[in-house]
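Take a look at the letters that make up each chain.
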Amino acid sequence: MLEFHESLSRISSDFEITDVKKTPIDGLYQVMIGSDVIYMTRDGNYVLKGEILDIGDRKNLTEDALAENRINLLNTITKDEYIEFASNSTESYIYVFTDVDCGYCRKFHQQIDAVMNQGIEVRYVFFPREGPDTVSWYKAQEVWCSDNQLQAITLAKQGKSLKSQKCADDPVQQHYDLGRMFNVQGTPTMVTDAGEIIVGYLSAVDLKARLDGK
């Protein structure tokens, strides 16, 4: 293992390595870099990019590692750093990267009560698709800085203007950076409590079926 850690020094100056684990393949190590994973031989001479499939157990070991890492990264967002829609009958939760000006984000939010009635808690994080210093970015900040965030995000997704004052330390940049780590390219992009990524709109019923593995 010492030899391997010495080998890691070849790439650690260029990338932030967040985790290292042995794989079931002798001499091959899993190296987590941010939200991505590569594989590296013990001597450091070979780096592999791709998926490892366990045929016997019918598992995608790479996707399992990525899912676990997504959960760990999302857990860095505290409860007071996202906008939560939940009911007393919550059975599961999803993080939703959202843009208040996105048509399908608005369509998803129109059924937010139906989603909660399915036992699904929605944790909104912001991903203004056009990036910083844009109209959608400022709208996200306005939503966050509102006295009633649940009402504000609903009004914003209805195309109504807000008159919120600016506030310090809004999490929009943090959310956006995390979305980029997850390679979010469109909204809504959902991340389940199992770390699975779901891209695009789903009805409340279809989302429940997806979470239940049906």
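About the criteria used
Residues numbered from 1 in each chain as written. Predicted model: local features only at pLDDT ≥ 70, side-chain atom pairs only at ≥ 80, totals over all residues. Heavy atoms only, no water. Helix = DSSP H or I, 4+ residues; strand = E, 2+ residues; numbered from the N terminus. Buried < 20%, exposed > 50% of the residue type's maximum accessible area, 1.4 Å probe, protein only. Contact = heavy atoms within 4.5 Å. Lys, Arg positive; Asp, Glu negative; His and termini not counted. Charge placed at Lys NZ, Arg CZ, Asp CG, Glu CD. Disulfide = S-S within 2.5 Å. Pairing = 2+ DSSP bridges. Axes fitted to C-alpha atoms, helices over the stretch in contact; angles between N-to-C directions. Phe/Tyr/Trp six-rings, centres within 6.5 Å; stacked < 30°, edge-to-face > 60°. Salt bridge = Lys/Arg side-chain N within 4 Å of Asp/Glu carboxyl O.

1. Digging into the overall build of the protein
Then step 1. Within the protein, the regular secondary structure consists of eight helices and 11 strands.
Then step 2. Overall size of the protein, expressed as C-alpha extent along the three principal axes, is 60 × 40 × 25 Å.
Then step 3. Burial analysis of the protein (214 residues in total) assigns 44% to the buried set.
Then step 4. At a minimum sequence separation of 6, the contacts of the protein that also span at least 24 residues come to 63%.
Then step 5. Here the protein carries 22 positive and 33 negative side-chain charges, and the mean point of each set is 5 Å from the other.

2. A closer look at the state of the cysteines
Then step 1. Counting across every chain of the model gives one disulfide.
Then step 2. Through a disulfide, C145 is tied to C167; the S-S separation comes to 1.9 Å. Note on the C145 and C167 pair: the S-S dihedral is about -75°, so by sign convention the disulfide is left-handed. Here C145, found in helix α5 (residues 135-145), pairs with C167, found in the loop between α6 (149-157) and α7 (172-181); they are 22 residues apart in sequence, far enough to count as distant.
Then step 3. Taking relative accessible area as the criterion, C167 reaches 32% and is therefore assigned partly exposed.

3. Considering the sheet that holds strand β11 (residues 197-199)
Then step 1. What the five strands build is an open sheet, ordered β7-β9-β8-β10-β11; its pairing is mixed. A single partner strand is all that each edge strand has here, and the edge strands are β7 (83-85) and β11. Strand-to-strand twist of the sheet, defined as the mean angle between neighbouring strand axes without regard to direction, takes the value 25°.
Then step 2. With seven bridges connecting them, strand β8 (residues 92-98) and strand β9 (residues 120-126) associate as parallel partners. Of the residues in β9, the one forming a bridge with I94 is V122.

4. Considering the packing of aromatic side chains
Then step 1. With the rule as written, the count across this model stands at eight aromatic pairs.
Then step 2. Measuring from centroid to centroid gives 6.0 Å for F97 and F182, while their planes differ by 80°, and the two rings are edge-to-face. Of this pair, F97 sits in strand β8 while F182 sits in the loop between α7 and β10 (189-192), placing them 85 residues apart in sequence. The same class applies to F97 as to F182, namely buried.
Then step 3. Aromatic side chains W137 and Y176 sit 5.3 Å apart centroid to centroid with 75° between the ring planes, which places their arrangement in the edge-to-face category. With W137 in helix α5 and Y176 in helix α7, this pair connects stretches of sequence that are 39 residues apart.
Then step 4. According to the relative accessible area criterion, W137 is buried, its value standing at 4%.
Then step 5. Pairwise contacts between aromatic rings join F97, F127, W137, Y176 and F182 into one cluster.

5. Focus on the pattern of salt bridges
Then step 1. The tally for this structure, following the rule as stated, stands at 12 salt bridges.
Then step 2. With a shortest N-O distance of 2.8 Å, E91 and K208 are connected by a salt bridge. With E91 in the loop between β7 and β8 and K208 in helix α8 (residues 204-211), this pair connects stretches of sequence that are 117 residues apart.
Then step 3. The class for K208 is buried, based on a relative accessible area of 16%.
Then step 4. E121 is the partner of R123 in a salt bridge, and the nearest nitrogen-oxygen pair spans 2.6 Å. Summarising the burial analysis for this pair, R123 and E121 share the class buried.
Then step 5. Here the residues in one salt-bridge network are E91, K208 and D212, joined through shared partners.

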